[in-house]
Amino acid sequence: MDELEFQKFKKIVYADPGTEDPEVLQAARANPELQKLVDDMRELDTSVAATLSGIPIPAGLAENLLAIPEVDTAVAATESPAPAPRYHYYALAACLILAVGITIGFNLNRGPTSSNLAFGDNVLKHIYVDVDLLNSAMAESATMTFPVVNQVMANAGSRLNDNGLLQNTPVRFALPCEVIPSFQSTHLAVQGNAGTVNIIVINNSPVNGEFTIRDDRYDGIVIPMDQGNMILIGERNEDLDQYKDLFSDSIDWVI
Amino acid sequence: MLLQVIGGFSGKEIAEILKLNNNTVMTRLFRARSKLRQEFNLDPELTEDSAKHNP
């Protein structure tokens with residue numbers, strides 16, 4: 001099992017220890033260490049369930065959590081009848097969504113369309129979702145070779161040209177992703193001067209022209225290419241223009 | 001994790017409930033369990049090297 005396969009195995013098992021994926025189960029059966037990982041994660045779930053089942057949910061917890069962002073909601077909530085038990089979980093999940101809400105500012109070179117705004121929003125959400133996994137991978141993994149990177153990039157109908165331009169900017173993270181449902185993408189990362197620089201290649205998208213993305217932490221550029229789009233996302237003080245040139249000249253489309 | 005472990009919902013069902021992309025849900029579940037393992041000092045776990053050395 002190579003590093004890429006191991007990361008995929010680990011991601012599936014951590015996300016769903018009870019997975020019935022035949023490839024995962026077969027890999028676990030063939031490797032005691034992988035089977036132990038599956039067993040450990042299932043045991044962890046059992047412990048979590050046992051722990052949580054012993055803790056009664058305080059009356060009104062969901063309403064109180066939902067009331068945090070808006071005071072007026074608290075008044076309405078106290079007048080509401082007690083919700084059904086499953087509603088508690090929906091309410092808690094809704095609280096999590098509110099807690100991780102992101103405010104995004106766009107500095108547009110050209111007038112943004114609503115689809116561009118939605119696209120940029122999706123991209124930044126994707127970055128925040130993957131940031132821990134990515135940082136962990138960046139800390140652990142060494143440079144990835146072109147064949148391994150291109151194996152991943154084939155998912156998005158593209159490849160990296162080993163033309164020497166990236167000799168001093170080696171790719172250190174590459175995984176398939178899906179920023180937009182039904183459009184296959186590849187998430188690459190290199191080490192920048194200010195932190196990790198993300199390069200996302202999508203084989204198609206609704207973007208109608210180059211535009212920038214910005215929020216409190218990240219700057220980004222969405223760059224239409226011949227057969228798709230390239231998105232660069234880096235920390236606010238990262239100089240993304242150099243990576244725009246490097247990767248624009250290094251990405252080939254094979255679809 | 002509450003929806004999955006206690007509620008018994010699948011990743012796809014959780015995605016529909018939360019109106020999120022399925023991949024987003026699975027990534028968040030991955031992160032949640034990663035943090036739990038760290039909090040409970042269950043890492044270091046299986047290393048990449050040991051996995052690679054097995055078929």
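Residues numbered from 1 in each chain as written. Chains lettered and ligands numbered in written order. Predicted model: local features only at pLDDT ≥ 70, side-chain atom pairs only at ≥ 80, totals over all residues.

## Some remarks on the overall build of chain A
Across its full length, chain A holds 9 helices and 9 strands. Within chain A, the proportion of its 255 residues that are buried is 30%. Partitioning the contacts of chain A with sequence separation of at least 6, the portion at a separation of at least 24 is 57%. (Helix = DSSP H or I, 4+ residues; strand = E, 2+ residues; numbered from the N terminus. Buried ≥ 20, exposed ≤ 12 C-beta atoms within 10 Å, placed from the backbone. Contact = placed C-beta atoms within 7 Å.)

## Points about the packing of helix 1 (residues 3–15) of chain A against helix 3 (residues 22–39) of chain B
The description of two helices packed together rests on the angle between their axes and the distance between the axes. It is the contact of helix 1 of chain A with helix 3 of chain B, at a shortest axis distance of 7 Å, that shows an interaxial angle of 85°. Judged on the interaxial angle alone, helix 3 of chain B and helix 1 of chain A are roughly perpendicular. For the pair helix 1 of chain A and helix 3 of chain B, contact is made by Lys-11, Tyr-14 and Ala-15 of chain A and by Met-26, Leu-29, Phe-30, Arg-33 and Ser-34 of chain B, respectively. Residues that form the contact of helix 1 of chain A with helix 3 of chain B fall into these classes: 5 nonpolar, 1 polar and 2 charged. (Axes fitted to C-alpha atoms, helices over the stretch in contact; angles between N-to-C directions. Parallel < 35°, antiparallel > 145°, perpendicular 65-115°, else oblique. Nonpolar A, V, L, I, M, F, W, Y, C, P; charged D, E, K, R; others polar.)

## A few points about the nonpolar core
All names here are of chain A. Grouped together as the largest cluster of nonpolar side chains are 34 residues, with contacts concentrated most on Val-123, Val-149, Ile-199, Ile-200 and Val-201. Those residues in contact with Val-149 that lie beyond four places of it in its chain are Met-144, Leu-160, Val-171, Ala-174 and Leu-188. Phe-9, Ala-27, Ala-28 and Leu-37 belong to the second largest nonpolar core, which has 19 residues in total. (Core = buried A, V, L, I, M, F, W, Y, C linked by C-beta atoms within 7 Å.)

## Regarding the environment of Asn-135 of chain A
All names here are of chain A. Of note, Asn-135 is situated in helix 7 (residues 114–140). For Asn-135, a count of 14 C-beta atoms within 10 Å puts it in the partly exposed group. Linking Asn-135 and Ala-189, residues 54 residues apart in sequence, is a C-alpha distance of 9.6 Å.

## Section: helix 1 of chain A
For helix 1 of chain A, built from 13 residues, the straight-helix expectation of 18 Å at 1.5 Å per residue is met to within 8% by its first-to-last C-alpha distance of 18 Å. Turning to helix 1 of chain A, its buried residues are Phe-6, Gln-7, Phe-9, Lys-10, Val-13, Tyr-14 and Ala-15 of chain A. (Expected span 1.5 Å × (residues − 1).)

## Section: the packing of helix 2 (residues 11–18) of chain B against helix 3 of chain B
Residue and element names in this part refer to chain B. As a packed pair, helix 2 and helix 3 sit with axes 8 Å apart at the nearest point and diverge in direction by 110°. Classified by the angle between their axes, helix 2 and helix 3 sit roughly perpendicular to one another. Judged by residue contacts, Gly-11, Lys-12, Ile-14, Ala-15 and Leu-18 of helix 2 engage Asn-22, Val-25 and Met-26 from helix 3. Split into classes, the residues belonging to the contact of helix 2 with helix 3 amount to 5 nonpolar, 2 polar and 1 charged.

## Points about the pairing of strand 8 (residues 229–235) of chain A
Working note: regular strand, side chains alternate between the two faces of the sheet. Residues and elements named next belong to chain A. With 6 of 7 residues buried, strand 8 lies mostly within the body of the structure. Alignment of strand 5 (residues 196–202) against strand 8, held across 5 bridges, turns out to be antiparallel. What sits directly across from Val-201, in strand 8, is Met-230. Bridge count for strand 7 (residues 218–224) against strand 8 is 7 bridges, and the pairing is antiparallel. (Pairing = 2+ DSSP bridges.)

## Notes on the confidence of the model for chain B
Residues at a pLDDT of 70 or more form 75% of chain B, whose mean pLDDT is 75. The ipTM value of the predicted complex is 0.77, and its pTM value is 0.48. (pLDDT = per-residue confidence, 0-100.)

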